[in-house]
Amino acid sequence: MSKTLNELFNELKSRRLDQGRRLEMRNELANYARANQQRESGRQSFWAGIGSKFITVPALAIALILALSGALSAAAQTALPGQILYPIKTGVNEPIRLALAGSLQSKAQLHAEFAQTRLEEAETLASQSKLSAQVSAALAQNFQSQASSTSVFIDRLKASGDLNDAAEISSSFESSIRAHEVILQQLQSESEKHGQNQGEANGRGDGEVGDILNIVQHKSQQVFEDRVSAESALTATSSPLVQTAAEGKQKAAQNKIDEIQRFLEQNSAHLSASAVAQAGARLADARQILADGQAKLQAQEFGDAFEKFQEAQRTAQEAKLLLRAGINLNLDLNFQKQGGAQPDGQGDASGNPEGPGSGQADQQGPDSNASGKSGDQSASGGSGESGTSTSSTSTQSSQEHHGQGGSDDSGHLDLNLGL
Amino acid sequence: MSRDEQFMQAYDKHADEIFRHCYYRVFDKQKAEDLVQETFMRTWEYFGRGEKIDNFRAFLYRVATNLIIDEARKNRPTESLEELEDEGFEPSLDEMGKIQAEIDSEAFLQVLRELDEQHREVLTMRYVDELMPREIAAILGERENTISVRIYRGIRRLKELLEKRQYE
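Undergrad: Honestly, the overall build of chain A in this entry has me stumped. Any pointers?
TA: Counting its secondary structure elements, chain A contains 16 helices and one strand. Counting only residues that meet the buried cut, chain A has 53% of its 419 residues in that class. Surface exposure of chain A reaches about 17,600 Å², of which carbon and sulfur atoms provide 50%.

Now the structure itself:
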């Protein structure tokens, strides 16, 4: 059929953003805008903004004077919600650090750090049975905001061509979120038990932890997708670039494993036998994955090698986070994933071996809607197939490797089994 | 209205057209989405810290266009001075283009991609984004005459490519 140029151009006008993506972006931007109220030109507004939100004016004046001296801001760093210095931590220290961060990469890392800090605060309070519903909600909200900002900056890193940092930061964030899922789950089940024993006398039960856990699990899906997507972008670039990235990542993974080994040895006195054993097993896993990666490297499969090395690094990192939390919170953590044996690499590029417990049925509800950005990233049953092009070979090999109790991938992926 | 409300309103109004603008430059949905996000983020960095934006639409286009340029890492050739002596004129698409093209939309997209970057840029801005030559000139930092001439040449080149296709 013949058309005029006019008509042809008109057809092009109908192209638009996917509704879902558009909405998602809108939320991310809104969060970003709120979290990054830049200082207005003119000195007044910066302080006024902080003052109105977080601290009363006289306290603010004193706090700022002291903060500039460094002593107070350092002391504030370990403050928990409810403590006097906490507003300085979140209202002064964190914004200042963000404002001082020049690059996309440092901003991404800061947001990731702040997200994790919120979770650590919640966990510390929960382990002392001091987590109220109000504080829990506030922490959950800030966590969500920081995690969204992290996601946004990872996207921006990708868009700016800095694929290495995008892959690195998203992977590190992922391991952290997974570790926190495990920790929160443990805290929740402990407070359930506690509640049963006490007849729920003090009302600081599993509900508060449960709320944060839900949000973390929800975010976990997006964080996973961010990482897979960043890896895909990187491994899709030219072969020499991917090779360089893979070689660099190999060193990083090896260093991380060595670091955790040392940590384990130095702290074995503080750890339960079970924790030591579990961490040891995880490190063994990490070493095996590293070896798999080296084989890939030899075979010139640089994309797969890179993904393996990232996975090895994550495995080691998760082990460390769980060890540290076990010490700090006096928890007996289960490093292994719960739930049935599933083949590895369900549809994702790296065949993540470990993840937090997936056994709980009650995860179905909120998370099954969390298909987030790219539905094709989600796991599809146990077939080991995947929507992403890079995954198949790594899936195979990690399947061979993780035969035993093969529970793979984070709990949230299980949710898609039914789909 | 607060700053961030204004900003979100600008998003609601312009996100689609910025996406379209980016898409017809990079022809990659994912990349285009990333560019849209980056465009709005940078705009917020400017606006959120108190700077003034008179015309959000033009500002967004400018940021997006710059990002696209960075993305492509190219240098745009400059028009020779003599050509700029031409009278400015605005070719109407219908006049130029009662091209009875035996072509479908898919193929048209391909032909668009064959166009060189400079021409594609102005044609999509003019006939898809529906910006006036004066606006395009402001966004690209060129003279309005230059833009009109480029549009004219773009259409001519497009016509050539379409005709070539018909005879293959």
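Undergrad: What's the story with the overall build of chain B in this structure? I'm lost.
TA: Of regular secondary structure, chain B possesses eight helices and one strand. Reading chain B from its N end, one meets helices and strands in the order α-α-α-α-β-α-α-α-α. Taking all contacts inside chain B whose residues are at least 6 apart in sequence as the whole, residues at least 24 apart take part in 71%. Taken as a whole, chain B presents about 8,100 Å² of accessible surface, with 43% of it coming from carbon and sulfur.

Undergrad: When you look at the packing of aromatic side chains in this model, what are you seeing that I'm missing?
TA: Two numbers describe a pair of aromatic rings. These are the distance of the centres and the angle of the planes. By the definition in use, this model includes 12 aromatic pairs over all chains. Between Phe9 of chain A and Phe108 of chain B, the ring centres sit 5.3 Å apart and the planes meet at 90°, which makes this aromatic pair edge-to-face. Of this pair, Phe9 of chain A sits in helix H1 (residues 5–12) while Phe108 of chain B sits in helix H5 (residues 105–114), on two different chains. As far as burial versus exposure is concerned, Phe9 of chain A and Phe108 of chain B are alike and both buried. Seen from their ring centres, Phe9 of chain A and Tyr127 of chain B are 5.5 Å apart, and the 35° between their planes marks the pair as tilted. Separated into two different chains, Phe9 of chain A in helix H1 and Tyr127 of chain B in helix H6 (residues 117–127) make up a pair that spans both. Residue Phe9 of chain A is classed as buried on the basis of its relative accessible area, which comes to 1%. By way of ring pairs, the aromatic residues Phe7, Tyr11, Phe40 and Trp44 of chain B are connected into one cluster. Its guanidinium or amino end placed over the ring of Tyr23 of chain B, Arg15 of chain A lies 3.8 Å from that ring's centre, counting from NZ or CZ. When the ring centre of Phe263 of chain A is taken as reference, the NZ or CZ atom of Lys320 of chain A above it lies at 5.7 Å.

Undergrad: Help me understand the interface of chain A and chain B in this model?
TA: At the interface, 36 residues of chain A touch 46 residues of chain B. Buried area between chain A and chain B, summed over both chains or domains, comes out near 4,300 Å², and the portion from carbon and sulfur atoms is 55%. Contact with chain B buries surface across chain A, with Leu5, Phe9 and Arg15 of chain A losing the most and accounting together for 18% of the total. The shortest N-O distance in the salt bridge between Lys13 of chain A and Glu130 of chain B comes to 2.9 Å. Among the secondary structure elements, those contributing two or more residues to the side of chain A that touches chain B are strand S1 (2–3), H1, helix H2 (19–35) and helix H8 (133–159) of chain A. With 10 residues, H2 of chain A is the largest single contributor of residues to the side of chain A that touches chain B. Among the residues forming the side of chain A that touches chain B, the class breakdown is 13 nonpolar, seven polar and 16 charged.

Undergrad: Quick question: what am I supposed to make of the environment of Asp129 of chain B here?
TA: Residues and elements named next belong to chain B. When you line up the elements, Asp129 lands in the loop between H6 and helix H7 (133–140). Spatially, the C-alpha atoms of Asp129 and Arg20 are 7.6 Å apart, while their sequence positions differ by 109 residues. When residues no more than four places from it in sequence are discounted, the contact partners of Asp129 are Glu17, His21, Arg57, Tyr61 and Thr124.

Undergrad: Please clarify how the confidence of the model for chain A should be interpreted in this entry.
TA: Keep in mind that low pLDDT regions are not for reading the predicted coordinates in detail. Per-residue confidence for chain A gives a mean pLDDT of 74; residues scoring 70 or more make up 67%. Contacts for the low-pLDDT stretch residues 338–419 of chain A, under 50 throughout, to residues beyond four places or in other chains number 196 contacts.

Undergrad: Sorry, what's going on with unusual backbone geometry here?
TA: For residues that are not glycine, phi is negative in most cases, and the peptide bond is trans in most cases. Residues and elements named next belong to chain B. Here the phi dihedral of Phe27 falls at roughly 55°; this positive angle occurs in a residue that is not glycine. Along the chain, Phe27 falls in the loop between helix H1 (3–26) and helix H2 (29–47). The exposure class of Phe27 is buried, given its relative accessible area of 10%. For Glu130, which is not glycine, the phi torsion reads 60° and is therefore positive. Among the secondary structure elements, Glu130 is positioned in the loop between H6 and H7.

Undergrad: I keep staring at the packing of helix H7 (residues 104–127) of chain A against H8 of chain A and nothing clicks. Help me out?
TA: Residue and element names in this part refer to chain A. Where H7 meets H8, the closest approach of the two axes is 8 Å, and the angle between their N-to-C directions is 160°. Considering the angle they form, H7 stands roughly antiparallel to H8. Note on packing geometry: the crossing formed by H7 with H8 is left-handed. Taken together, the residues of the contact of H7 with H8 sort by class into 14 nonpolar, six polar and four charged.

Undergrad: Would you take a moment to explain the nonpolar core for this structure?
TA: Within soluble globular proteins, side chains that are nonpolar generally end up buried alongside one another. Counting 127 residues, the largest nonpolar core has Phe9 of chain A together with Phe108 and Leu158 of chain B as its most contacted members. When residues in this core are grouped by element, the largest group, 12 residues, is from helix H13 (residues 302–329) of chain A.

Undergrad: Looking at this model, I keep getting lost on the side chain of Ser191 of chain A. Mind explaining?
TA: With respect to the helices and strands, the residue Ser191 of chain A is situated in helix H9 (residues 163–198). There is a polar contact of 3.0 Å between the side chain of Ser191 of chain A and the backbone oxygen of Gln188 of chain A.

Undergrad: Teacher, can you tell me more about the pattern of salt bridges here?
TA: Opposite charge on two side chains lets them pair, provided their charged atoms get close. If you walk through the whole model with that rule in mind, you get 36 salt bridges over all chains. One salt bridge connects Glu174 of chain A with Arg178 of chain A, and the closest N-O pair in it is separated by 3.1 Å. Of this pair, Glu174 of chain A and Arg178 of chain A both sit in helix H9, four residues apart, roughly one helical turn. According to the relative accessible area criterion, Arg178 of chain A is buried, its value standing at 1%. Close ionic contact of Glu311 of chain A with Lys308 of chain A constitutes a salt bridge, the shortest N to O distance being 3.9 Å. Within this pair, Glu311 of chain A and its partner Lys308 of chain A are both found in helix H13, separated by three residues, close to a single helical turn. You can call Glu311 of chain A buried: its relative accessible area is 0%. If you follow the salt bridges from partner to partner, you end up with Asp18, Arg21 and Glu24 of chain A together with Lys29 and Glu33 of chain B in one network.

Definitions and cut-offs
- Residues numbered from 1 in each chain as written.
- Chains lettered and ligands numbered in written order.
- Predicted model: local features only at pLDDT ≥ 70, side-chain atom pairs only at ≥ 80, totals over all residues.
- Heavy atoms only, no water.
- Helix = DSSP H or I, 4+ residues; strand = E, 2+ residues; numbered from the N terminus.
- Buried < 20%, exposed > 50% of the residue type's maximum accessible area, 1.4 Å probe, protein only.
- Areas by Shrake-Rupley, 256 points an atom, 1.4 Å probe, with all protein chains shown as cover.
- Contact = heavy atoms within 4.5 Å.
- Phe/Tyr/Trp six-rings, centres within 6.5 Å; stacked < 30°, edge-to-face > 60°.
- Lys NZ or Arg CZ within 6 Å of the ring centre and 35° of its normal.
- Buried area = accessible area lost by both parts, 1.4 Å probe.
- Salt bridge = Lys/Arg side-chain N within 4 Å of Asp/Glu carboxyl O.
- Nonpolar A, V, L, I, M, F, W, Y, C, P; charged D, E, K, R; others polar.
- pLDDT = per-residue confidence, 0-100.
- Axes fitted to C-alpha atoms, helices over the stretch in contact; angles between N-to-C directions.
- Parallel < 35°, antiparallel > 145°, perpendicular 65-115°, else oblique.
- Left-handed = near helix turned anticlockwise from the far one by under 90°.
- Core = buried A, V, L, I, M, F, W, Y, C linked by side-chain atoms within 4.5 Å.
- Polar contact = N/O pair within 3.5 Å; in protein donor to acceptor, adjacent residues only side chain to side chain.

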